[in-house]
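# Working through the structure, step by step
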Amino acid sequence: MWKTTRDSGAHVEDAVKQMLPPCQIKCPINEDIQRTNVLISLLPEDIESAKAGIIQIGDYLYEKNPFFNICGYICGICELECNYKTKGGAIRRRLLKRFLSDYYTDYLSRKKKTETIKDREDVAIMGGGPGGLMCAYILSQRGYRTTIFEASNRLGGALWLIPEYRLPRDVLQNTLDSLIRIVGIDVQYGAKVGEDGFTLEQLKAKGYKAVFVAKGTPYPRVLTFGREQVEGQDLSGVMYGLDLLYEVSHGNIGPDYFKNKRVIVIGGGNVAFDAARTARRLGGEVTVVALECEDKSSQDGLPADEEEIRAAWEEGLRIICSRGVRKIIGEGGQFRKIDCPRCTSVFDEDGFNPQFDCTDCVEIEGDILIITIGQAADKAFLQREGLLDERGRLAVDSFTLQSLLNPSVFIGGDVRRIGFMVEAMKEGIEAAESIHRYLRGLHMRWGRKRDYEALGLPQRTSYKQPTDVVWIPPEKRMHFQLFERGLTLKEAIEEARRCLTCGPCLSCKACISIGFEKSLYAVAVDEERCSGCGACVYACNYDAARLVERDGKLVSETDMFRCKSCGMCVAACPSEARALVDDATYDRIETTFSLLS
Amino acid sequence: MSDFEPKIVCFSCKFSWGYLANETSLSSQIKNWIPIICSGKVDAKHIMEAFKHGADGVLILGCPEGDCHYQDGNFETKKRVQLLHKVLDSYGIEPERVRMELSLDPEGKRIPELVKSMSETVRGLGPVRQI
C-alpha cells in the first residue's frame, strides 16, 4: 500500500546508551511498537483497501518477531510501561497486534520463503519452543544450517499449554509451520535425550559446531512443605496442572471431565489460573489456593496477571489467598482434602521462603487436586551432559548464554530461567548472536551491552480513553473458544491514533518510510539571532528545545534525541533563529509563493 | 471584477489530509497546495508572505482537535490564526481570508471542495489589498 523504502526502517542502533519509548524498552525484544502504531493509525477505513497495509505492517514486524501474531493473544508486557498509563490507560498494543494477526495469520501460510544461502556451519538446537525457534530463525537468516531436535511430535513447546480460549490452536499451528518453512529450518521430531545419537558429544561428532540447549521445563514441580515433600501426591485424584494442560491440548480429555467435581488448584501463577479456568470449563467447581496475598502491588501478591485473576472471578472460581498446603489427606487411596496453614510471608531478602502460622489451619475438601506451583528442568540430562556446576546449578554466562563448562554449548529460555514467552524469545536472540560470534571468532561481549533511557509523557491538552476490551460474558464462555473479541479496523485505527509517539524519531521513522518526510531534519539554532526568550521551549511538547547559558548569554539548543522535527519551535521563534536543516517543505512554500504573482 | 479568480494557498497536515491519496493526482486538482507535516509548522510569517506574494486567501487544514500527531500543533496554529486575524485587520485584510479547518480526510477528497468554497468566499471580497 505504501511505497516504503528499505533504508528507512527503524533499527535499534548498537550504542552504549539509547533513547526509546518506554514500551519498546519494556518489551524484552524491543519491538518497534511506536512505528507500527503510527502505520496502523494511517490505515484506510475500508478493510479491503486496508489489507495490503496490514500485511505490510505485519511483514515488518515479522522480520524481528515471527511470533508477533501470537503475542497479540498472550503478551502485552509493553503495556505495563506505556506513558499513557497515567492518563486513562495504556495503548492496547496487544489487541492492536491481535488485530494485525486476524488478517496476517492467514497470509503467513502463503508468505514467501526467504532466499538466504546457507553456507555456514551446522547448528543444533535442542528444544522447539519459542527460545529454540527464535534462535533457529535468526541463525537461518544469517546463513547457518539449523536443525531443531524436538523431543515431542510438535513444535511450540510450552505454548501448547496455553489454553485454547486464550490462544487458538490454528493460529499457533500455522505460525509454527510457517516459521520453519519460511526460513528453512530442519526439524527432527521425537528426538529424545539419552536415546541413540542424541547426546551433545554425538551431535558434535555429527558435525554440529554449536548447540543451543533450550529444553524448557518439562516437569512439574512437586509440592513441598518446609523442606519436605508433601505426601499424598500419588493419591488418585491428585494431578499436576502441567499434565492436565498437556492432555487437554492433545484433545485427550472430554468436555465434562470434571463435571460435578470439586476441584482444588494449588498455585497463584498464570499457569495455575490457566489450569483452574480449564478445569472450570471441564465442568468442575473450582477453588484456587495460593500462598500469595490478594494485594498484587505487594511483594507477596498473586503473581498471575490481573486480567487472569479478573477473568477467574468472573467465571465463578473461588480464590483463597495466603494459604499453603501442609498435608494432602486421602481416604482409601482417593484424595479427600488438604490441610492449609496461613501463609504469613512468601518472600524474604533471600527470595522465596514462605513462612506459615500453623496455629491457623483450615481444611479444604475436594474430589480433585491439581498442583500447579511451577515447573522444573530436566536436571538429570543437564547433569549427564556436564552442564551443572559442583553445587548442581547451571554453569552458564547469563549475558552470552555460553556454557562455562563447554564453550560450544549455549543454554537459554525456561531451562535457564522461567519466564514469559517473549523472554525465552529474547534468550533465543541472544544465543543466536553468541553462536554467530563464537563461530566467527568474534569477541563474545564487545558492543552488546545496551543501556536504554525512556522518554517521558509528551505534553498535551487532552487525553483519550482506551478502547474497551470486550470479553464474552462469563455465563456464555464456558467453552474453549476465544473469550476475547478482537478490535475492528475502526477501533484499531482509533486506538493506534491514541499513541502519543513519545519515543524518539530515530527509532521509529514511520513518517519517512511512507514518504511523509524525506529525513529527520536537524533543528539548527542561530545563536546570534537567538535572544533566549524561551518561546521555543514553550512550543516544544517533547522537552527538546532548551535554554542554556553560553558565554554569559542565554540561548536555546535542541536535543536531537527528543526532537521530532515537527517545526513548531521554528514557527514559534520570533527572531527566526531556528531552522530545519535541508527541509524541502520550505522550498515548496517558496516555489508556490513565487508562482502566485 | 467578474474575471477575478482568487488565488488560495492551501496548507494541509499530512497526518490527516490526503495521506491515502495519490499526491500527484491530487496536486493537479489543487492549485498552490502545500502538504506539510504538521499544521503547527505553518508560521505567521508564511501566511503574511503568501499575501505579500499575491495570494487572496490562505486555507490551513489541520488534524481534528485533540488528535495532533505532535500533540497540539493544530491548537497552536488555531491560536496563531486568531491572533493573526487581528493583525491582518489592521492591514485592511479581511479575517475571512485566513481560514483553518480541523478535520480528518485520509482520501483528501474534501480538499479541492474546501479550496473551492474558500475561493467563492474570497471572490466576494475581491482581490487582496496589497501590503
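Owing to the predicted nature of the structure, the values given are computational and were not obtained by experimental measurement. Residues take numbers from 1 onward in each chain, read along the sequence in its written order. Numbering of ligands from 1 and lettering of chains from A proceed in the order in which they are written. Local features in a predicted model are, by the rule used here, given only for residues with pLDDT of at least 70; side-chain atom pairs are given and counted only at 80 or more, and totals for whole chains, interfaces and linings are based on all residues.

The next thing to look at is the overall build of chain B. Think of it this way: any DSSP run of H or I at least four residues long counts as a helix, any run of E at least two long counts as a strand, and we number them from the N terminus. In terms of helices and strands, chain B carries four helices and four strands. Every radius of gyration here is taken over C-alpha atoms, with the globule rule written as 2.2 Å times N^0.38, N being the number of residues. Whereas a compact globule of 131 residues would reach a radius of gyration of roughly 14 Å, chain B reaches 14 Å, a difference of no more than 12%. Referenced to the eigenvectors of the C-alpha coordinate spread, the extents of chain B come out at roughly 35 × 30 × 20 Å. Residues with at least 20 other C-beta atoms within 10 Å of their own are called buried, those with 12 or fewer are called exposed, and the rest are partly exposed. The C-beta atoms themselves are positioned from the backbone. Put simply, chain B has 131 residues, and 50% of those count as buried. A sequence separation of at least 24 residues applies to 75% of the contacts in chain B between residues at least 6 apart. The contact criterion used is a C-beta to C-beta distance within 7 Å, with each C-beta placed from the backbone.

Residue and element names in this part refer to chain A. One open sheet holds the five strands; their spatial order is 4-3-2-5-18, and the pairing between them is parallel. Two strands in the sheet have a free side with no partner beyond their single neighbour: strand 4 (186-188) and strand 18 (409-411). Pairwise comparison of adjacent strand axes, ignoring direction, gives a mean angle of 20° for this sheet. Pairing between two strands is assigned when DSSP locates at least 2 bridges connecting them. Of the strand pairs in this sheet, strand 2 (residues 122-126) and strand 5 (residues 208-213) are connected by five bridges, and their pairing is parallel. Its bridge partner being in strand 5, Ile125 is matched across the sheet by Phe212. Axis definition: a line fitted to C-alpha atoms, over the contacting stretch in the case of helices. Angles run 0 to 180 degrees between N-to-C directions. Sitting on the sheet, helix 13 (residues 421-440) touches strand 2, strand 5 and strand 18, and the angle it makes with strand 5 is about 160°.

A few words now on the interface of chain A and chain B. Between chain A and chain B, the contact holds 25 residues from the first and 30 residues from the second. Those elements that provide at least two residues to the side of chain A that touches chain B are helix 17 (568-572) and helix 18 (584-594) of chain A. With five residues, the single largest contributor to the side of chain A that touches chain B is helix 18 of chain A. Following the grouping adopted for this structure description, the nonpolar residues are Ala, Val, Leu, Ile, Met, Phe, Trp, Tyr, Cys and Pro, the charged ones are Asp, Glu, Lys and Arg, and the polar ones are all others, Gly among them. For the side of chain A that touches chain B, the residue count by class is eleven nonpolar, nine polar and five charged.

Before going further, it helps to examine the pairing of strand 4 (residues 98-102) of chain B. Residues and elements named next belong to chain B. Across five bridges, the pairing between strand 3 (residues 57-62) and strand 4 is parallel. Bridged to Ile60 within strand 4 is Met100. Handedness of a crossover is defined as follows: with both strands directed away from the viewer, a clockwise route from the first strand across the helix to the second makes it right-handed. Between the parallel pair strand 3 and strand 4, the chain is carried across by helix 3 (residues 73-90), and the sense of this crossover is right-handed.

Attention shifts here to the environment of Leu159 of chain A. All names here are of chain A. Examined against the element boundaries, Leu159 turns out to sit in the loop between strand 3 (145-149) and helix 7 (169-183). When the C-alpha atoms of Leu159 and Leu172 are compared, they prove to be 8.0 Å apart, with 13 residues separating the residues in sequence. In this structure Leu159 touches Ile70, Gly129, Pro130, Leu172 and Met421, once residues within four positions along its chain are discounted.

For the rest of this paragraph, the subject is the sheet that holds strand 15 (residues 351-365) of chain A. Hydrogen bonds between backbone atoms are what pair the strands of a sheet, whose relative direction is either parallel or antiparallel. All names here are of chain A. The strand order across the open sheet formed by three strands is 13-14-15, and the pairing between neighbours is antiparallel. In the strand order of this sheet, the two ends are held by strand 13 (327-331) and strand 15, each with one partner. Taking each pair of neighbouring strands and ignoring which way they run, the sheet shows an average axis angle of 20°. Bridging between strand 13 and strand 14 (residues 334-348) involves five bridges; their strand directions are antiparallel. Paired with Ile328 across the bridge in strand 14 is Ile338.

So, about the domain arrangement of chain A. For chain A, the assigned domains read domain 1 (6-111 + 489-512), domain 2 (122-217 + 377-440), domain 3 (220-375) and domain 4 (518-594). Source of the domain bounds: an automatic or database domain assignment. When each unit is reduced to the centre of its C-alpha atoms, the spacing between domain 3 of chain A and domain 4 of chain A is 60 Å.

In this section: the environment of Ala290 of chain A. All names here are of chain A. Following the sequence through the fold, Ala290 ends up in the loop between strand 11 (285-289) and helix 11 (306-314). Separated by 52 residues in the primary sequence, Ala290 and Arg342 place their C-alpha atoms 10 Å from one another. Residues contacting Ala290, with those up to four places away along its chain left out, are Gly267, Gly268, Leu302 and Cys321.

Residues and elements named next belong to chain A. In contact at an axis separation of 7 Å, helix 6 (residues 130-141) and helix 13 are set at 40° when each is read in the N-to-C sense. The angle between helix 6 and helix 13 places the two elements in the oblique class. Pair helix 6 / helix 13 crosses with right-handed handedness. Seen from helix 6, the contacting residues are Pro130, Gly131, Gly132, Leu133, Met134, Cys135, Ile138 and Leu139; seen from helix 13, they are Met421, Ala424, Met425, Glu427, Gly428, Ile429, Ala431, Ala432 and Ile435. Taken together, the residues of the contact of helix 6 with helix 13 break down into 13 nonpolar, three polar and one charged. Angle categories are assigned with fixed cut-offs, so that under 35 degrees is roughly parallel, over 145 is roughly antiparallel, 65 to 115 is roughly perpendicular, and the rest are oblique. Crossing handedness follows the turn of the near helix against the far one: under a right angle anticlockwise gives a left-handed crossing, and clockwise gives a right-handed one.

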